[in-house]
Amino acid sequence: SSSCTFLNVTFLYCDENVCVCVQTTIMAVEFDGGVVMGADSRTTTGAYIANRVTDKLTPIHERIFCCRSGSAADTQAIADAVTYQLGFHSIELDEAPLVQTAASLFRDMCYRYREELMAGIIVAGWDRRRGGQVYTVPVGGMMTRQPVSVGGSGSSYIYGFVDSNYKPAMSKEECLKFTAEALTLAMERDGSSGGVVRLAVISEQGVERQVILGNQLPKFSTV
Amino acid sequence: MALSYVLEPAVSGFNFENSTRNIVLENGSEEGKIKAPKPMKTGTTIAGVVYKVTRISKLDNLATSDEVVADKMCAKIHYIAPNIYCCGAGTAADTEKTTDMLSSNLTIFSMNSGRNPRVVMAVNILQDMLFRYRGMIGAHLILGGVDCTGSHLYTVGPYGSIDKVPYLAMGSGKLPAMGILEDRFKGNMDLEEAKALVSDAIHAGIMSDLGSGNNIDLCVITKEGVDYIRPHRESIYNYKRQAKYKYKPGTTPVLTKTVNQLELELVHETVQMMETAGSS
């Protein structure tokens, strides 16, 4: 049977049914007043690109989004379940939910079913208590808050770029530029990432989404 | 949680009762061994396109079982609701049964709520079911339809992943079909253009893929209604059987006849009395 590699984890699937993977590059950055989230747009089934314009930034609540990486089916199902649970919780509370609550719900599901699932998720959003927050829930079900987080198969190529170029207290525009550049670099080097760059800015004012098409991506000298 | 479209709540977890039954049948005692029939696969090309307001789905007609063509005129566009149709690639039985179940559930929903089903609802039901079975149901489906919110085209994978797209091809012939679609698809095409495009895409699949073949079926769904054109384009290879293959009994001469008597002994005898007296 053939195998499919995601980050440093290898999992085997039956030859007949090729699993649809969201091998990808996803990223989220906190700034004062909100978060910037970004993702590429490629979904692969083996070597075939099943969808070249995927939207991996999934809304969970009004001001909480998640970036999905790993198995497309698993992450869609988890996101649906968490959206339901968070919506119910928010109605019960009669208040907007906290980003930490959403991240905990993801973590609970990813940890409880860690043997069956292949999902790496970055949860990001804005709430009134703590402002913009980014939580990462990688494969295995850990949860931790980080000011900047990258994930997916393409993230390995940009840890250096992110570590050297991230500065605390960047403005919204700087964060957008930083995210777009990081994703572009990852897409250039990672075969499982590509297509367009989808960005979302979440703040007290709401959500702004944008798409950077292939020919409008930032250019670097060696690529 | 009660759902508005099913009479009984879904059993949680996986239901593999049939698998255990199959294992018992296959590993029975020496005389009782039964070989399970091989699943019939639809090596296939299916494609769908959103044009202007509506959608077209197209299929070729072949169903294969290994290398043998099992059904030359199989219908791969399945009815889900008056405004929703579904093309299925993958294991033929799975696509048939899944779409049948979906269609029944949506009819129950319509009766319970008095609404026409929406495409997104059909997609969600499929996704729930296929995810629950972890890819064991080999159904690669393209769902298309027009409802009160507009026209939509979705693809559902066997593991339960969905994608919403303006044009798509699935099946073993998807690579050549996708090439044609990528080259000539434009937003806001008109009907004839879209029909020609999808027809050519399926034709490319038929020519370049051994698992696809024969005629091309077309299904155009609009707000006004559905036009199910079967066949839209017939295969240029029209086979006419050269001779009749039915022979009269006695055509083959019998050369020798050997009879082996089986030594049977009565081991156990039970008598069960039937209740023949009239009941009160």
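Residues numbered from 1 in each chain as written. Chains lettered and ligands numbered in written order. Predicted model: local features only at pLDDT ≥ 70, side-chain atom pairs only at ≥ 80, totals over all residues. Heavy atoms only, no water.

**A look at the pairing of strand S11 (residues 131-137) of chain A**
Residues and elements named next belong to chain A.
- Taking burial as the measure, the 7 residues of S11 include 7 buried ones, the bulk of the element.
- Strand direction decides the pairing type here: strand S10 (residues 119-127) and S11, joined by 7 bridges, are antiparallel. When the sheet's bridge partners are listed, aspartate 127 is paired in S11 with glycine 131.
- Where S10 folds back onto S11 in an antiparallel hairpin, the turn is made up of 3 residues.
- When S11 meets strand S12 (residues 144-145), the two strands line up antiparallel, connected through 2 bridges. (Buried < 20%, exposed > 50% of the residue type's maximum accessible area, 1.4 Å probe, protein only. Helix = DSSP H or I, 4+ residues; strand = E, 2+ residues; numbered from the N terminus. Pairing = 2+ DSSP bridges.)

**Observations concerning the interface of chain B and chain A**
- At the junction of the two partners, chain B supplies 19 residues and chain A supplies 18 residues.
- Summing both sides of the interface, chain B and chain A together bury roughly 1500 Å²; the carbon and sulfur share of this comes to 48%.
- When residues of chain B are sorted by the area they lose upon contact with chain A, B:Phe131, B:Tyr159 and B:Asp163 head the list and together hold 32% of the total.
- At the surface where chain B touches chain A, the tally comes to 2 salt bridges.
- For A:Asp74, the salt bridge is made with B:Arg134, and the minimal N-O distance between the two is 3.8 Å.
- Counting across the chain B and chain A interface gives 6 residue pairs in polar contact (both at pLDDT 80 or more).
- Of all elements in the fold, only helix H3 (119-132), strand S10 (162-164) and helix H4 (174-184) of chain B reach the threshold of two or more residues within the side of chain B that touches chain A.
- For the side of chain B that touches chain A, a count of residues per class yields 9 nonpolar, 5 polar and 5 charged. (Contact = heavy atoms within 4.5 Å. Buried area = accessible area lost by both parts, 1.4 Å probe. Salt bridge = Lys/Arg side-chain N within 4 Å of Asp/Glu carboxyl O. Polar contact = N/O pair within 3.5 Å; in protein donor to acceptor, adjacent residues only side chain to side chain. Nonpolar A, V, L, I, M, F, W, Y, C, P; charged D, E, K, R; others polar.)

**Topic: the UniProt feature "active site" (unreviewed entry) in chain A**
Residue and element names in this part refer to chain A.
- Here, the residues flagged by UniProt with the feature "active site" (unreviewed entry) are Thr24.
- Mapped onto the secondary structure, threonine 24 falls in the loop between strand S3 (20-22) and strand S4 (26-31).
- In this structure, threonine 24 is in contact with Asp40, Lys56, Arg68, Ser69, Gly151, Gly152, Ser153, Gly154, Ser155, Asp190, Ser192 and Ser193, ignoring residues within four places of it in sequence.
- For threonine 24, the side chain forms a polar contact with the side chain of aspartate 40, separated by 2.3 Å. (UniProt positions renumbered as here; feature names shortened; annotations may be inferred.)

**Quick word on H4(B)**
Residue and element names in this part refer to chain B.
- Every buried residue belonging to H4 is among Lys174, Ala177, Met178 and Leu181, and all of these are buried. Seen along its axis, H4 keeps its buried residues to an arc of 100 degrees; they face one direction. For H4, exposure combined with an orientation more than 90 degrees from the buried face picks out Leu175 and Asp183. (Arc of directions from axis to C-beta.)

**Quick word on the packing of aromatic side chains**
- For the structure shown, the criterion picks out 6 aromatic pairs over all chains.
- Here the aromatic rings of A:Phe161 and A:Phe178 are separated by 5.9 Å at their centres, their planes lie at 25 degrees, and the arrangement is stacked. With A:Phe161 in helix H3 (residues 159-165) and A:Phe178 in helix H4 (residues 172-189), this residue pair connects regions lying 17 residues apart in the sequence.
- Measuring from ring centre to ring centre gives 5.7 Å for B:Tyr79 and B:Tyr85, while their planes differ by 80 degrees; the resulting arrangement is edge-to-face.
- The class for B:Tyr79 is partly exposed, based on a relative accessible area of 42%.
- Among the aromatic side chains, those forming a connected cluster through ring pairs are A:Phe161, A:Tyr166 and A:Phe178.
- One residue, B:Lys164, lies across the ring of B:Tyr154, its end atom 5.5 Å from the ring centre. (Phe/Tyr/Trp six-rings, centres within 6.5 Å; stacked < 30°, edge-to-face > 60°. Lys NZ or Arg CZ within 6 Å of the ring centre and 35° of its normal.)

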